[in-house]
Amino acid sequence: MSLYKAFFKILRSNWVSILIYVGITVGIIVLLSGIYKKKQDQKAVLDSYDIYVSDEDGSEVSKALVNYLSKIHKVSKEKMSDEVITDNMYYEQIVSWIRIPAGFGETFLRTGENKVVNTYDDSMPVGMSITLQAENYLESLRGYILQGDSVSVAAEKSEKALDIANYVSIRPGGAEGNGGLKGAFTYIPFGILSILIAGIFPVIAGFNQGEKKNRIQVSSMTPGRRMKWILLAAATFAVAVMAVLVVIASLMGSSDISAVNTPGNPGGIEGNESASAAMGIFSNAWWLSVLNTLVFTTVVCMMISMFANVPVFAKAPAGVFSNIVGLGFCFLGGTFVPLSILGDGVKKVSRFLPNYWYSTAVDRIFSGGGFADIWECFVLQLVFGLACLFIGLAAARITAEQKQLS
């Protein structure tokens, strides 16, 4: 028990570094998990550009066209001369100049002729897309007018008919996932790596060096009991860190669950309820995510034992490992950069890191997968951890034999 207490006494000397990494991790989870959450309700929208419109007609039809374009693009309201407009287009302050000539509205209502002129840089295809938007709107407008609708009613119906958000939405990667919860659990590995290395590594490394090691070896405590108390203390700290991060991730990522509108699910109301049941706290997905985090935490502890027992690593500052290992593993393993956009060459290296399989498990969990879909991710993480553990034990034995021979 004395060794257990000594572990936390030494740990308290590093509390500043631990609190810094806790704060950074919480900030990352709070700020970046919102990206996943927003994607759940994200709708398709048209790109908006700076344009200039000269309405020389002032008719009801021309005003309707200007109003429609204003809802999509940023229409400059400042009166400009032709020369100033040309200069602004040259410096790309505006990308398109739409001129509605006098008499346009009357001619359009009578014959359907479109006299709108769009001037733009031919090297920029943006201008052509704006021309098509105006033409599609006018065709739709005339169609409703020919059915007997007034210009105002036809304009309203045309805007609704051309609004792509009514029938196009951006579907998230998962079938019905809680994006916020997925994002929060995705970023947890950075905290586990950084906090555990900053906390556990200097303590275990200190026990294996200098006066502390000599005092422990000459004590009446057997090597087995010494190892048991050190492992128990390290496990206590690791589980406490994991529990805190899981609670924070669950609270930050569990709100505003949403689903994508589908033809069979208008409005997404039923989808919201099903997503809440499937991806909320204490759901099957949540428990699998916690289990995935527990496996990753165990692997990190095994890796730290290797660093503490290999003499080259044991003498290095803990900050070096928490930064190099923490950031390196997270960037290569899909924590900070989604696995879907990593290059093939990077993925070949990433497959040997536990973060890669942790992130893969998170993707599968929030895509509706069960334990049968992710068990191999757990196994491959543990394989990495066991390899580190055996390397650490071998290094400790070799070091001890060398000292005996000397």
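Residues numbered from 1 in each chain as written. Predicted model: local features only at pLDDT ≥ 70, side-chain atom pairs only at ≥ 80, totals over all residues. Heavy atoms only, no water.

Visitor: Which residues make up the overall build of the chain, and what values do they have?
Guide: Looking only at helices and strands, the chain has 17 helices and 4 strands in total. Evaluated residue by residue, the chain yields a buried proportion of 45% over its 406 residues. Contacts in the chain between residues at least 24 apart in sequence constitute 76% of all its contacts with a sequence separation of at least 6. Within the structure as shown, the chain displays about 21200 Å² of accessible surface, and the carbon and sulfur contribution to it stands at 61%. (Helix = DSSP H or I, 4+ residues; strand = E, 2+ residues; numbered from the N terminus. Buried < 20%, exposed > 50% of the residue type's maximum accessible area, 1.4 Å probe, protein only. Contact = heavy atoms within 4.5 Å. Areas by Shrake-Rupley, 256 points an atom, 1.4 Å probe, with all protein chains shown as cover.)

Visitor: Can you explain the packing of aromatic side chains? Please cite residues and give values.
Guide: Counting across every chain of the model gives 15 aromatic pairs. Summarising the aromatic geometry, the rings of Tyr-187 and Phe-336 are spaced 6.5 Å apart at their centres and angled 35° between planes, so their arrangement reads as tilted. Here the residue Tyr-187 occupies a position in helix 8 (residues 179–207), and Phe-336 occupies one in the loop between helix 14 (318–332) and helix 15 (344–350), the gap between them amounting to 149 residues. Here the aromatic rings of Phe-190 and Phe-336 are separated by 5.5 Å at their centres, their planes lie at 50°, and the arrangement is tilted. Of this pair, Phe-190 sits in helix 8 while Phe-336 is found in the loop between helix 14 and helix 15, placing the two residues 146 residues apart along the sequence. Note on Phe-190: relative accessible area 6%, which makes it buried. Among the residues examined, Phe-336 registers a relative accessible area of 22% and is labelled partly exposed. (Phe/Tyr/Trp six-rings, centres within 6.5 Å; stacked < 30°, edge-to-face > 60°.)

Visitor: Account for the pattern of salt bridges, naming residues and giving values.
Guide: In total, this model carries 7 salt bridges according to the counting rule given. Among the ionic pairs, Lys-157 bridges to Asp-149, the shortest N-O distance being 3.1 Å. Of the residues examined, Lys-157 reaches a relative accessible area of 34% and is grouped as partly exposed. Put simply, Glu-156 and Lys-160 hold a salt bridge, and the shortest N to O gap is 3.8 Å. Note that Glu-156 and Lys-160 are positioned in helix 7 (residues 151–162) at a spacing of 4 residues, about one turn of the helix. Taking relative accessible area as the criterion, Lys-160 reaches 54% and is therefore assigned exposed. (Salt bridge = Lys/Arg side-chain N within 4 Å of Asp/Glu carboxyl O.)

Visitor: Which residues make up unusual backbone geometry, and what values go with them?
Guide: In the Ramachandran plot, Glu-92 falls in the positive-phi region, its phi being about 60° despite a non-glycine side chain. Turning to its location among the elements, Glu-92 is positioned in the loop between helix 4 (82–90) and strand 3 (96–100). Residue classification places Glu-92 among the exposed residues on the basis of a relative accessible area of 55%. The backbone of Phe-282 shows a phi angle near 70°, a positive value even though the residue is not glycine. Checked against the element boundaries, Phe-282 lands in the loop between helix 11 (269–279) and helix 12 (284–309).

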